[in-house]
Amino acid sequence: MAQLPILRYPDPRLHKVAKPVQAVDARLKALIGDMFDTMYEAKGIGLAATQVDVHERLIVIDVSEERDQRLVLINPELLWASDERVKGDEGCLSVPGIYDGVERAAAVRVRALDEHGVSREIAADGLLAVCIQHEMDHLLGKVFVEYLSPLKKNRIKTRLLKAEREESRTRAQERM
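Note on numbering: residues in each chain are counted from 1, in written sequence order. Where local features are concerned, this predicted model is filtered to residues with pLDDT of at least 70; where side-chain atom pairs are given and counted, the filter is 80 or more; whole-chain, interface and lining totals use all residues. Water and hydrogen atoms play no part in the side-chain values, which are based on all heavy atoms of the structure.

Comments concerning the pattern of salt bridges
Only one rule defines a salt bridge in this text: a Lys or Arg side-chain nitrogen within 4 Å of an Asp or Glu carboxyl oxygen. Here the structure, examined in full by the defined rule, presents twelve salt bridges. Here Glu56 makes a salt bridge to Arg27, at a shortest N to O gap of 3.0 Å. Taken as a pair, Glu56 in the loop between β1 (46-48) and β2 (58-61) and Arg27 in helix α1 (residues 26-41) lie far apart in primary sequence, 29 residues in all. Exposure is judged per residue with a 1.4 Å probe applied to protein chains only, and the accessible area is read against the type maximum: over 50% gives exposed, under 20% gives buried, and values in between give partly exposed. Judged by relative accessible area, which is 44%, Arg27 ranks as partly exposed. Among the ionic pairs, Arg104 bridges to Glu90, the shortest N-O distance being 2.8 Å. For the purposes of this entry, the term helix denotes a DSSP run of H or I that reaches at least four residues, the term strand denotes a run of E that reaches at least two, and both are numbered from the N terminus.

This is how it looks when you write it as structure tokens:
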């Protein structure tokens, strides 16, 4: 399996709306494996295909401590979200080093295909519910910082662009 490059906010490709997956085939299964490898290597708990510049409705998640409870959601649909809300600090592999409070539904129910193309319904609460909502936002072209105030959002964008420039400068110096 391969590790894939993760797009970083404010990359405009993160705002593309993902298209439905047409077939659960060998190409998609390879992508799923690569996405899990990428997510685990980056120490994440969820990754949407949008984040690796594949604009299809595919999410991989593993919120377990042991990293052995892989969940694949292909073409996920939100069926229900609780009225109860929870606010917690969220982070994102596309927004490295940034964590901030986002309000989400405390529980959700989704329908999706699994990695074998079988339709499943999943009821989730706690961290899994938050992760599912966060990753489904990516499929709609939305990054969690968009829930924050314009001031915070601009500060984050400035900070990440500055870090990216510094990384580019360092790589250029290393090539010399």
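Here's the deal with the nonpolar core
Take the buried residues of types Ala, Val, Leu, Ile, Met, Phe, Trp, Tyr and Cys, join any two whose side-chain atoms come within 4.5 Å, and each joined set is a nonpolar core. Grouped together as the largest cluster of nonpolar side chains are 17 residues, with contacts concentrated most on Ile59, Ile61, Leu73, Val108 and Ile132. With five residues, the single largest contributor to this core is helix α2 (residues 126-139). The contact rule is simple, with two residues in contact once any of their heavy atoms fall within 4.5 Å. Sequence-distant contacts of Leu73, defined by excluding residues within four places in its chain, comprise Arg57, Leu58, Ile59, Ile61, Ala112, Leu113, Ile122 and Ile132. If you look at the next biggest cluster of nonpolar residues, it comprises 15 residues, including Met35, Met39, Val52 and Leu58.

Describing the sheet that holds strand β3 (residues 71-81)
Strands were regarded as paired on the criterion that DSSP finds at least two bridges between them. With respect to topology, five strands assemble into an open sheet ordered β1-β2-β3-β6-β7, the strand pairing being antiparallel. Each edge of the open sheet carries a strand with a single partner, namely β1 and β7 (119-125). Neighbour-to-neighbour, the strand axes of this sheet turn through a mean angle of 40°, independent of strand direction. Two elements, β2 and β3, share four bridges in a ladder whose sense is antiparallel. Its bridge partner being in β3, Val60 is matched across the sheet by Val72. Axis definition: a line fitted to C-alpha atoms, limited for helices to the stretch in contact. Angles are taken between N-to-C directions and run from 0 to 180 degrees. Where α1 meets the sheet, it contacts β1, β2 and β3, and its direction lies at approximately 45° from that of β2. Sheet strands in contact with α2 are β1, β2, β3, β6 (107-113) and β7, and its direction is about 150° off that of β2.

Bear in mind that shape data such as this cannot, by itself, settle questions of function.
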